[in-house]
Amino acid sequence: MALLISVLQRIGYALALLIAVLVLNFLLMHAAPGDIADTIAQDMGGADAEVMERIRRDYGLDLPVWQQLLRYIGNVAQGDLGYSFFFQVPVTDLLIERVPATLLLVITAQLLAILVGVILGVIAARRPNGFGSHMVTLLALFGYSAPVFWTGIMLLICFSLWVPLFPSGGMQDVTLEGGLFERVLDVARHMVLPVITLASIFLALYSRLCRASMLEVLGADYIRTAKAKGLSEGGIVFKHALKNALSPVVTLAGLQFSAVVSGAVLVETVFSWPGLGTLALQSILARDTPTILGILFFSSLVVVVVNLITDLVLRLIDPRIRTGAA
Amino acid sequence: MTDQTQPAPKARSPLAETAEMFLKNHAAVVASIVLIAIIIAAIIGPPLYADDPFEMVWAPFSPPGEEGFILGTDYLGRDMLSMILSGARVSLAIGVTAAFVSVFIGITIGALAGFYRGWVEEVLMRFTEFFQVLPTLLFSMVIVALFGASLVTVTVAIGVVSWTAVARITRAEFLRIRELEYVMASRAAGAGNMKLMFAVILPNALPPIIVQAALMVGTAILFEAGLAFLGLTDPNVISWGQIIGSNREAILSEPFAVTIPGVAIFITVLAISLVGDGLNDALNPKLRAR
């Protein structure tokens with residue numbers, strides 16, 4: 001029961017955060033010079049004052065600000081994020097078209113970063129002063145210091161130009177003929193470089209955190225007990241220690257998700273990946289405000305949902321949080 | 001008769017101890033030297049090398065070394081070395097200023113939250129979480145797009161999206177320190193809230209904030225490079241990210257033009273993070289065991 005209430009609390013809080021994002025969006029929309037009527041007029045090649053007046057009335061721009069805000073929130077709640085005058089389609093349709101590509105990229109990269117990061121972290125923690133451990137520290141520094149778009153470009157030069165293993169951009173080969181299997185394989189080939197690039201930033205972070213948290217756990221009393229019982233080292237590391245060392249990594253992975261979305265914008269641009277990131281850049285260069293703000297809202301929605309899921313996962317794997325004893 | 005007692009160990013200032021700790025960290029020392037060299041190059045490089053970075057001096061995309069252009073020329077035939085040197089000024093200046101902005105916001109919010117607690121803390125920490133949810137790069141792209149691409153907007157946009165870590169660190173330190181007895185003593189001696197916050201507690205909360213601020217300069221440089229790469233920067237200045245962005249079309253035909261400015265960013269940020277790590281170890285001797 002207590003669990004249910006705290007989960008409901010989290011969900012209510014997530015909704016409040018999203019409404020806050022909408023309010024911010026609305027303020028940004030109003031702070032920007034020019035309004036929808038100007039955009040439409042520009043699109044039509046000019047309009048007289050009477051037409052402008054009508055457009056403003058149709059879009060409710062003559063209403064008091066707070067009514068406009070409520071109207072905006074109400075529209076978004078019904079899945080209407082406005083109309084993109086640049087792409088000539090509703091923003092929601094645009095997002096639905098672009099989201100799968102970004103989610104595919106971002107989720108694969110996160111899973112890869114967590115998996116490899118945890119493995120490297122465990123290797124490093126078993127010999128804190130060994131060669132492997134120093135390599136992890138070094139890798140973490142490199143991952144932190146290189147601009148992600150530059151890492152992508154370097155990979156592109158190495159594995160697309162010098163050793164042409166992978167395509168240089170896009171998500172699929174449109175000229176390709178073949179069945180579903182060939183298509184999937186083709187997308188997978190296009191994905192390799194962008195996924196590695198995006199994972200590189202977070203890989204370093206996770207391996208470093210996993211190393212630190214493993215070291216802490218390995219020093220705990222219950223691990224000494226397990227050793228005294230004569231359990232094998234592998235069993236201790238993977239069955240006893242890793243389980244407890246994982247929860248900071250999961251927490252961080254959730255918190256990092258907004259950074260992952262940011263990284264995706266740059267990586268998508270480098271690899272011409274047809275996702276939300278390239279859409280964001282296109283709409284910013286075209287001054288397409290409804291689309292930009294739609295993307296900002298949608299990515300915040302994704303981050304909030306991921307944080308919510310992380311929170312629930314943590315409650316499941318860590319009983320201390322579940323009972324509120326931590 | 002000889003005196004058996006040992007002379008008392010000389011008291012050393014905390015600053016000297018920190019400096020000694022820092023100097024023991026070879027990587028951090030080397031990194032500081034590299035960083036100082038980069039800063040000197042940024043200051044005296046442009047006047048000494050005496051080239052207008054915007055001037056088109058030779059054929060576009062001539063490889064490094066040709067015709068005495070050590071780093072070659074870019075897509076407009078501008079001297080890359082000259083561009084890197086003046087780009088250093090912009091990248092470093094934005095990095096430091098944006099870090100300053102974010103540290104200022106972060107300290108203010110973290111200090112108020114940690115000091116007053118109660119509903120003030122609740123409101124401010126919710127505010128901080130709100131900023132953590134917004135995808136930072138996307139949000140700053142929106143700010144730059146809506147308010148125009150100038151150095152000031154870019155700097156403010158970076159500062160406004162990256163203060164949350166400083167706020168959380170400051171709050172945690174304030175929560176810990178405000179319970180210490182010396183704070184109570186100052187309060188009993190009649191210190192007001194402002195004095196307690198910024199003159200009594202803040203100085204002791206500074207070490208982790210300094211480390212975070214140092215790392216923040218690196219993050220801000222990367223951030224600016226990202227924005228500039230996307231073309232969202234002041235078109236009248238040259239920064240490292242902008243050099244990469246403007247040569248982007250030629251990634252596969254002229255790899256050197258995007259590699260060189262990237263190396264400059266990489267070395268600078270690497271040096272800053274090593275110095276930051278060194279400061280962290282020196283200011284937190286307890287962490288050295290890790």
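Note: the structure precedes this text.
In this report, we go over the structure that sits alongside the text. (Residues numbered from 1 in each chain as written. Chains lettered and ligands numbered in written order. Predicted model: local features only at pLDDT ≥ 70, side-chain atom pairs only at ≥ 80, totals over all residues.)

1. Here we look at the overall build of chain A
Using the following cut-off: Secondary structure counts use DSSP, requiring at least four H or I residues in a row for a helix and at least two E residues in a row for a strand, with both numbered from the N terminus.
Helix and strand counts for chain A come out as 14 helices and 2 strands. Structurally, chain A occupies a C-alpha span of about 85 × 60 × 40 Å along its principal axes.

2. As for the nonpolar core
Filter applied, for reference: In this usage, the nonpolar core is the set of buried Ala, Val, Leu, Ile, Met, Phe, Trp, Tyr and Cys residues whose C-beta atoms join them within 7 Å. Burial is judged by counting the other C-beta atoms within 10 Å of a residue's own C-beta: 20 or more makes it buried, 12 or fewer makes it exposed, and any count in between marks it as partly exposed, with every C-beta position built from the backbone. Contact definition: two residues whose C-beta atoms, as placed from backbone geometry, lie within 7 Å.
Counting residues in hydrophobic clusters, the biggest one holds 154 residues, and the most contacted among them are A:Leu105, A:Tyr206, A:Ala280, B:Leu138, B:Met141 and B:Ala220. Tallying contributions element by element places helix H3 (residues 80-116) of chain B first for this core, with 18 residues. What B:Ala220 contacts, discounting residues up to four positions off in sequence, is B:Ile94, B:Gly95, B:Ala98, B:Ala99, B:Ile158 and B:Ser162.

3. Comments concerning the interface of chain A and chain B
Rules: Classes in brief: Ala, Val, Leu, Ile, Met, Phe, Trp, Tyr, Cys and Pro nonpolar; Asp, Glu, Lys and Arg charged; the others, Gly included, polar.
Of the residues lining the interface, 38 residues belong to chain A; the matching set on chain B comes to 32 residues. When contributions to the side of chain A that touches chain B are tallied by element, the ones reaching two or more residues are helix H1 (2-31), helix H6 (131-145), helix H7 (148-162), helix H8 (180-218), helix H11 (257-270), helix H12 (276-285) and helix H13 (289-317) of chain A. Taken together, the residues of the side of chain A that touches chain B sort by class into 31 nonpolar, 7 polar and no charged.

4. A short note on the packing of helix H9 (residues 193-229) of chain B against helix H11 (residues 256-283) of chain B
Residues and elements named next belong to chain B. Definition in use: All axes are obtained by fitting lines to C-alpha atoms, using only the stretch in contact for helices, and the reported angles, taken between N-to-C directions, cover 0 to 180 degrees. An angle counts as roughly parallel when it lies under 35 degrees, as roughly antiparallel when it exceeds 145, as roughly perpendicular when it falls between 65 and 115, and as oblique in every other case.
At a minimum axis distance of 8 Å, the contact between H9 and H11 shows a crossing angle of 170°. Viewed along their axes, H9 and H11 adopt a mutual orientation that is roughly antiparallel. Contacts between H9 and H11 pair Pro 207, Ile 210, Val 211, Ala 214, Leu 215, Val 217, Gly 218, Ile 221, Leu 222 and Ala 225 from the former with Ile 265, Thr 268, Val 269, Ile 272, Ser 273, Val 275, Gly 276, Leu 279, Asn 280 and Leu 283 from the latter. Residue composition of the contact of H9 with H11, by class: 15 nonpolar, 5 polar and no charged.

5. Points about the environment of A:Leu141
Structurally, A:Leu141 can be placed in helix H6. Given 18 C-beta atoms within 10 Å, A:Leu141 falls into the partly exposed group. Here the alpha-carbon distance between A:Leu141 and A:Leu255, two residues 114 residues apart in the chain, equals 20 Å. Dropping the residues within four chain positions of it, A:Leu141 is found in contact with B:Leu270 and B:Ser273.

6. Notes on the environment of B:Leu274
Residue and element names in this part refer to chain B. Examined against the element boundaries, Leu 274 turns out to sit in helix H11. Each C-alpha atom, one on Leu 274 and one on Phe 223, is 18 Å from the other, the two residues being 51 residues apart in sequence. Ignoring sequence-local partners within four residues, the contact set of Leu 274 consists of Ala 27, Ala 28 and Ala 31.

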